[in-house]
Amino acid sequence: MAVQATAAEHINPYEIALQQYDRAVAYLDLPKGIINFLRCPKRELSVNFPVRLDNGDVEVFTGYRVHHNTVLGPSKGGIRYAPNVDLDEVRALAMWMTWKCALVNLPFGGAKGGVICDPYTMSDDELERLTRRYATEIIPLINPHGDIPAPDMGTNAQTMAWIMDTYSMNVGYSVPAIVTGKPINIGGSQGRTEATGRGVVICMDEALRRDGHNRPSEIAVAIQGFGNVGSYAARHAYELGYNVIAVSDVTGGYYNPKGLDIPDVLDFAAQNRHNLLEGYQNADKITNAELLALDCDVLAPCALENQITAVNAYDVKARLIVEGANGPTTPDADDILFARGVEIIPDILANAGGVTVSYFEWVQGLQAFFWDVEEVHRQLRRVLIKAYDEVIRIRQQHGVDTRTAAQITAIKRVSGATLTRGIFP
Ligand code: NAD
């Protein structure tokens, strides 16, 4: 597998999350102690644990689970498997989860987990042993009423099934609500797998329509990342008639200026264990850096952090960026893009579809009453559009960029709840 580097500089995601927070919190008249409290992760767990590999060797892996904030309710956040996971990345992702849940008005706080590993080079058996052992190590922190994991990069519904089973074996009875994003036959929700990508496109479509664009076929869309978020974003955009001209994954970009046949790309990817696009013939091969600079109307970064930075923000030609990934744009790039009039729908809004349907799944699991997919899609749209409206209102009120407006909205809710609850004891 040929893995391509992107244009990214390495920038600490936690420092970015804190910079974004500092920018937004400056618009709120909050006591200094509350500002400092919301800046810090509530608790952090690091674990080192052994896993037996298929060749009989034992390897020690490191994992994390961070709870950023639990004022609004149980903490919620995915688990990432990737070689470059570190504690600061998990802290940043946990903090963004706090703001995301608050922004879409879910009764959840924010958390995140991660394990330093390369799921692309591990067998399914190794991944199962790693997952079960990691789940066992973080049992002190997870709980269906306290902290509920979900999938993120490198993990999927099967990973959630193993965590659910491991937790259930430990407590002695089945606890479907311990995770969300699990397979439907063990209590998952209709519409969860596609929810994040679908939400990205709901936000994109809404922004374009509000801007007077009513002909999807005239809108060229480039999508970075073809995993859970990127592939479902591509599928839904294609279904709505958008012209998806480029997609990419860790092996590079695939471009057709006339538009890609997304069902054909999806069929091709489905033949590969990791849904990789390497070898796809019905498109021109480009790099991920070239994809970010393509001549298109909408750019949807749906892979990883730090993709649009001060180094390449001037090269972006899209007029709208919809952040399917968490943290794809740095604050310096935000400033450059804002000055250039490029609109950004920030991650905590654009990719909130995943946690929103995770919330629906959790509620359905606790009630043991399940909805049909039409109901899930309808409710997802309702929640996202309501949050979108509120962000636009706050943006106008404060005269800020959309990311800052989204963060102001979220921080206001969490700080308000903190002040109402009071400081214990
Ligand atoms: P995934 O593991 O399913 O897919 C990741 C994709 O990114 C793959 O196509 C992979 O090949 C590609 N990729 C990896 N390294 C790359 C690189 N260097 N350059 C270009 N592409 C690269 O992960 P996912 O669940 O789709 O998550 C993607 C992003 O969306 C992450 O930032 C994640 O935090 C965020 N997110 C995911 C969800 C969810 O429900 N899964 C929800 C909200 C946000």
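Residues numbered from 1 in each chain as written. Predicted model: local features only at pLDDT ≥ 70, side-chain atom pairs only at ≥ 80, totals over all residues. Heavy atoms only, no water.

(A) Region of the structure containing the pattern of salt bridges. For the structure shown, the criterion picks out 26 salt bridges. Two residues, Arg 133 and Glu 137, come together in a salt bridge whose shortest N-O distance is 2.9 Å. One end of the pair, Arg 133, and the other, Glu 137, are both in helix H4 (residues 124-137), four residues apart, so they sit about a helical turn from each other. According to the relative accessible area criterion, Glu 137 is partly exposed, its value standing at 23%. Among the charged side chains, a salt-bridge network with shared partners connects Arg 80, Glu 89, Lys 112, Asp 152 and Glu 305. (Salt bridge = Lys/Arg side-chain N within 4 Å of Asp/Glu carboxyl O. Helix = DSSP H or I, 4+ residues; strand = E, 2+ residues; numbered from the N terminus. Buried < 20%, exposed > 50% of the residue type's maximum accessible area, 1.4 Å probe, protein only.)

(B) Looking closely at the nonpolar core. Judged by nonpolar contacts, the single largest core of 90 residues is most densely connected at Trp 99, Met 204, Ile 223, Val 247, Ile 345 and Ile 411. The dominant element in this core, judged by the number of residues it contributes, is helix H13 (residues 373-398), at ten residues. Both domains that furnish three or more residues to this core are identified here as domain 1 (41-173) and domain 2 (195-350). Once residues lying within four places of it in the same chain are set aside, the contact partners of Trp 99 are Tyr 21, Leu 38, His 68, Ile 348, Gln 407, Ala 410, Ile 411 and Val 414. Core analysis: the second largest hydrophobic core is formed by 24 residues, Phe 49, Leu 130, Trp 162 and Ile 178 among them. (Core = buried A, V, L, I, M, F, W, Y, C linked by side-chain atoms within 4.5 Å. Domains from an automatic or database assignment. Contact = heavy atoms within 4.5 Å.)

(C) The arrangement of the sheet that holds strand S10 (residues 298-301) in detail. Read across the open sheet, the seven strands follow the order S9-S8-S7-S6-S10-S11-S12; overall the sheet is mixed. Taken across any chain shown, the strands that pair with only one partner, and hence form the sheet edges, are strand S9 (284-286) and strand S12 (343-345). Going across the sheet, the axis of each strand differs from the next one's by a mean of 20°, ignoring polarity. Across five bridges, the pairing between strand S6 (residues 220-224) and strand S7 (residues 243-249) is parallel. Following the sheet pairing, Ala 220 is matched in S7 by Asn 243. (Pairing = 2+ DSSP bridges. Axes fitted to C-alpha atoms, helices over the stretch in contact; angles between N-to-C directions.)

(D) How the structure looks around the environment of Gln 396. Mapping Gln 396 onto the fold places it in helix H13. Placed 44 residues apart in sequence, Gln 396 and Ala 352 show a C-alpha to C-alpha distance of 22 Å.

(E) Up close: helix H1 (residues 13-25). Between its first and last C-alpha atoms H1 spans 18 Å; for 13 residues at 1.5 Å apiece the expected length is 18 Å, and the two agree. Listing the buried residues of H1 in full gives Pro 13, Tyr 14, Ile 16, Ala 17, Leu 18, Gln 20, Tyr 21, Ala 24 and Val 25. Looking at the buried residues of H1, the elements they touch are helix H2 (32-39), helix H3 (87-103), helix H10 (331-339) and helix H14 (402-421). With a side-chain oxygen lying 2.8 Å from the backbone nitrogen of Tyr 14, the N-terminal cap of H1 falls on Asn 12. (Expected span 1.5 Å × (residues − 1). Polar contact = N/O pair within 3.5 Å; in protein donor to acceptor, adjacent residues only side chain to side chain.)

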